[in-house]
Amino acid sequence: MARHTVEFEVAGPWSLENSREFWEEMAPVPPAEAGGAGAALRTVFHADADWHRVAAEVTQSGSTARVAVTGDGDLDAAAEQVRRFLSLDVDARGWPGVGDRDPVIGRIQARRPGLRPCGFHSPYEAAGWAVLTQRTGRNAARGMRDDLVSGYGTGGAFPAPEALLRLDVELPWRKTEYLHAVARAALDGVLDAAQLRSLEPRDAMRQVQQVKGLGAFAAELVVVRGANHPDVLPTQERRLAAEITEQYGPEREVSEFSENWRPYRTWAALHLRVQRGERLGAERTRTTGTRTG
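What you see is a predicted model; the values in this text were computed from it and never measured.

A. View of the overall build of the chain. In terms of regular secondary structure, the chain is built from 14 helices and four strands. Each principal axis of the C-alpha atoms in the chain carries an extent, and together these give about 50 × 50 × 45 Å. Evaluated residue by residue, the chain yields a buried proportion of 50% over its 293 residues. Taking the intrachain contacts of the chain between residues at least 6 apart in sequence as the baseline, contacts between residues at least 24 apart amount to 66%. When the accessible surface of the chain is split by element, carbon and sulfur atoms take 48% of a total near 13500 Å². A distance of 5 Å separates the average location of the 37 positive side-chain charges in the chain from that of its 40 negative side-chain charges.

This is the structure in structure tokens:
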């Protein structure tokens, strides 16, 4: 197998450590190797340029990112895919200005400097996860994903579309049928990340909903966290909606303040989700904590 390494300056604030912490919390399966501060992020996936398996390692030195990819396919394209799913391809020099315009976002930025959205490896993987979680708890979905990786994947990576088409186990709630549809859509280019990001977000979501089994929630997940589109205002996340109400008040319309987030509306929404997780976690700790001394 060949190895290809690229180094580049990341435009705007970036912290691999803070981004990785978010990924470990939100992804169906965390990076293959995490570790403490300064550690490399390592993960495996099938590159959506040719569906070859890729092993990736990402490190940070100041504002410089180093991406090393190993595999048999198009490693230039694989390195670009890593940049995309870690949001390293986004020029974020204007991101601090969002915090200046919106103090709520500014306070979260100060607590999580350099946090960038980390998405699924590809829209295809996001679509697969959307199918697995339909009418199913997250833990059960993870179990099904583990079984797919074990039976049809390659070296720990989620199965490539051609392998997923060979799935002949009847999963509940028509999941096998829908996973087959997702695999065919990926092979047909319907879930191409660059193409989805080139569209207006609502147009991109309408395209995703052409895939059998993918509704509005799944389409938003695919565009926001699969293609990692930087400027989408999510509307299908109840926890995000609850945090917006908590922070801005029930009487205000989202449109009143979300314009201040452009062109990073996805990023602002992520920061609010992080804020909610931190706040509710602290509340649970206070509720269940015990007195000492």
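B. Looking closely at the nonpolar core. Within the largest apolar cluster, 41 residues are counted, with the highest numbers of intra-cluster contacts made by L164, L179, V182, L191, V208 and L214. Breaking this core down by element, the ones donating at least two residues are α5 (123–133), α6 (138–152), α8 (175–187), α9 (193–198), α10 (201–208) and α11 (216–226). Excluding residues within four positions of it along the chain, L179 makes contact with G128, V131, L132, L148, L164, L167 and L171. Listed in part, the 26 residues of the second largest apolar core include V10, W23, V54 and C118.

C. Structural detail: the pattern of salt bridges. Overall, the coordinates contain 18 salt bridges when judged by the stated rule. R42 is paired through a salt bridge with E57; the nearest N and O atoms lie 2.8 Å apart. Of the two residues, R42 sits in strand β2 (residues 41–46) while E57 sits in strand β3 (residues 53–61), which places them 15 residues apart along the sequence. A salt bridge links D203 to R206; the nearest nitrogen and oxygen atoms lie 2.1 Å apart. In this pair, D203 and R206 are both assigned in helix α10, three residues apart and thus about one turn of the helix distant.

D. Structural detail: the packing of aromatic side chains. Across all of its chains, the model carries nine aromatic pairs by this definition. When the ring of W95 is compared with that of W267, the centres are 5.6 Å apart and the planes differ by 65 degrees; the resulting orientation is edge-to-face. Taken as a pair, W95 in helix α3 (residues 95–101) and W267 in helix α14 (residues 265–288) lie far apart in primary sequence, 172 residues in all. Overall, the relative accessible area of 4% leaves W95 in the buried class. Judged by its relative accessible area of 1%, W267 falls in the buried class.

E. Local environment of the sheet that holds strand β1 (residues 2–9). In space, the four strands of this open sheet follow the order β1-β4-β3-β2, with antiparallel pairing throughout. Each having just a single partner strand, β1 and β2 make up the two edges of the open sheet. Shown here is a sheet whose adjacent strand axes are inclined to one another by a mean of 20 degrees, direction ignored. With respect to the sheet, helix α2 (residues 75–85) is in contact with β1, β2, β3 and β4 (64–71), its orientation differing from that of β4 by roughly 130 degrees.

F. Inspection of the pairing of β4 at higher detail. Of all eight residues making up β4, six are buried, and the element is well covered by its neighbours. For β1 and β4, the ladder comprises eight bridges, and the chain directions are antiparallel. Across the sheet, residue F8 finds its bridge partner in β4, namely A65. Note that β3 and β4 share eight bridges and pair antiparallel.

What counts as what
- Residues numbered from 1 in each chain as written.
- Predicted model: local features only at pLDDT ≥ 70, side-chain atom pairs only at ≥ 80, totals over all residues.
- Heavy atoms only, no water.
- Helix = DSSP H or I, 4+ residues; strand = E, 2+ residues; numbered from the N terminus.
- Buried < 20%, exposed > 50% of the residue type's maximum accessible area, 1.4 Å probe, protein only.
- Contact = heavy atoms within 4.5 Å.
- Areas by Shrake-Rupley, 256 points an atom, 1.4 Å probe, with all protein chains shown as cover.
- Lys, Arg positive; Asp, Glu negative; His and termini not counted.
- Charge placed at Lys NZ, Arg CZ, Asp CG, Glu CD.
- Core = buried A, V, L, I, M, F, W, Y, C linked by side-chain atoms within 4.5 Å.
- Salt bridge = Lys/Arg side-chain N within 4 Å of Asp/Glu carboxyl O.
- Phe/Tyr/Trp six-rings, centres within 6.5 Å; stacked < 30°, edge-to-face > 60°.
- Pairing = 2+ DSSP bridges.
- Axes fitted to C-alpha atoms, helices over the stretch in contact; angles between N-to-C directions.

Spatial relationships are all this shows, so hold off on functional conclusions.
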